[in-house]
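The residues making up each chain are set out below.
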Amino acid sequence: MTNLAKKIKEERKRIGLTQVQFAKVAGVQPTTQVNYEKGIRVPDAAYLEKAVIAGVDVLYIITGQRTVNLNGITNDEAEIIQLYRSAPLSVKTAIYGALTSTTSPSGDTSISVTGSGQRIAGRDYNEKT
């Protein structure tokens, strides 16, 4: 068994699927899944793409290094983190304030973000003038 095959099997077991279940999720025949786990065949990109969707750490399979913070983070959450990291301090402050604030006495929970070219949660918005 190759190192790649070992890691494929390890990841399949980590997410709690049988070979037959995982083969279905990954779009291959059960015999193909067995061959991947025995090191007889090497998976293609389509298989790995579907494996990611199923929750497999494909970076680990390929490189042996775990993806940081894999604990169920969604693509939307990853995009928000990326946008937050590149945002100006004023936007980061507004985001932090919105996430940690409580409702005001008037019931208003809105925040105002100003600036040019800002994006919120991966979506463009129209600035107030």
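The preceding data block contains the structure.
Residues numbered from 1 in each chain as written. Predicted model: local features only at pLDDT ≥ 70, side-chain atom pairs only at ≥ 80, totals over all residues. Heavy atoms only, no water.

## What to know about the packing of helix α2 (residues 19-26) against helix α3 (residues 30-38)
Their axes nearest at 8 Å, the elements α2 and α3 cross at an angle of 105°. Accordingly, the angle class assigned to the pair α2 and α3 is roughly perpendicular. Here α2 contributes Gln19, Val20, Phe22 and Ala23 to the contact with α3, which in turn contributes Pro30, Gln33, Val34 and Glu37. Split into classes, the residues belonging to the contact of α2 with α3 amount to five nonpolar, two polar and one charged. (Axes fitted to C-alpha atoms, helices over the stretch in contact; angles between N-to-C directions. Helix = DSSP H or I, 4+ residues; strand = E, 2+ residues; numbered from the N terminus. Parallel < 35°, antiparallel > 145°, perpendicular 65-115°, else oblique. Contact = heavy atoms within 4.5 Å. Nonpolar A, V, L, I, M, F, W, Y, C, P; charged D, E, K, R; others polar.)

## Section: the nonpolar core
Within the largest apolar cluster, 12 residues are counted, these being Ile8, Phe22, Ala23, Ala26, Val28, Tyr36, Tyr47, Leu48, Ala51, Val56, Val58 and Ile61. Setting aside its immediate chain neighbours within four residues, Ile8 contacts Gln33, Tyr36, Glu37, Pro43, Tyr47 and Ile61. (Core = buried A, V, L, I, M, F, W, Y, C linked by side-chain atoms within 4.5 Å. Buried < 20%, exposed > 50% of the residue type's maximum accessible area, 1.4 Å probe, protein only.)

## Quick word on α2
Turning to α2, its buried residues are Phe22, Ala23 and Ala26. Along the long axis of α2, the arc covered by the buried residues comes to 105°, so they all point the same way. Away from the buried face of α2 by more than 90 degrees, exposed residues Val20 and Lys24 are located. Looking at the buried side of α2, the elements it contacts are α1 (3-14), α3 and α4 (45-53). Positive phi appears at Gly27, one or two residues downstream of α2, with a value of about 75°. (Arc of directions from axis to C-beta.)

## Let's talk about α1
The terminal C-alpha atoms of α1, which comprises 12 residues, lie 16 Å apart, in line with the 16 Å expected from a rise of 1.5 Å per residue. Following α1 by one or two positions, Gly16 has its phi on the positive side, about 80°. (Expected span 1.5 Å × (residues − 1).)

## Focus on the environment of Val20
Locating Val20 in the fold gives a position in helix α2. Take Val20: its relative accessible area is 53%, and that puts it in the exposed class. Taking the C-alpha atoms as reference points, Val20 and Gln33, 13 residues apart in sequence, are found 7.7 Å from one another.

## A look at a nonpolar patch on the surface
A cluster of nonpolar side chains, namely Tyr84, Ile95 and Leu99, defines an oily patch on the protein surface of about 290 Å² accessible area. Along the chain, the position of Ile95 falls in helix α7 (residues 89-100). (Patch = residues over 30% accessible without salt bridge, like charges linked within 9 Å, V, L, I, M, F, W, Y side chains within 5 Å. Areas by Shrake-Rupley, 256 points an atom, 1.4 Å probe, with all protein chains shown as cover. Salt bridge = Lys/Arg side-chain N within 4 Å of Asp/Glu carboxyl O.)

## Quick look at the environment of Thr67
Checked against the element boundaries, Thr67 lands in the loop between α5 (58-63) and α6 (75-86). Residues Thr67 and Asp57, 10 residues apart in the sequence, show an inter-C-alpha distance of 6.6 Å. Not counting the four nearest positions on each side in its chain, Thr67 is found in contact with Asp57 and Leu59.

## Thoughts on the packing of α2 against α4
At a minimum axis distance of 8 Å, the contact between α2 and α4 shows a crossing angle of 110°. Between α2 and α4, the angle is such that the two are roughly perpendicular. Between α2, through Phe22, Val25 and Ala26, and α4, the contact on the second element is made entirely by Tyr47, Lys50 and Ala51. Partitioned by chemical class, the residues of the contact of α2 with α4 number five nonpolar, no polar and one charged.

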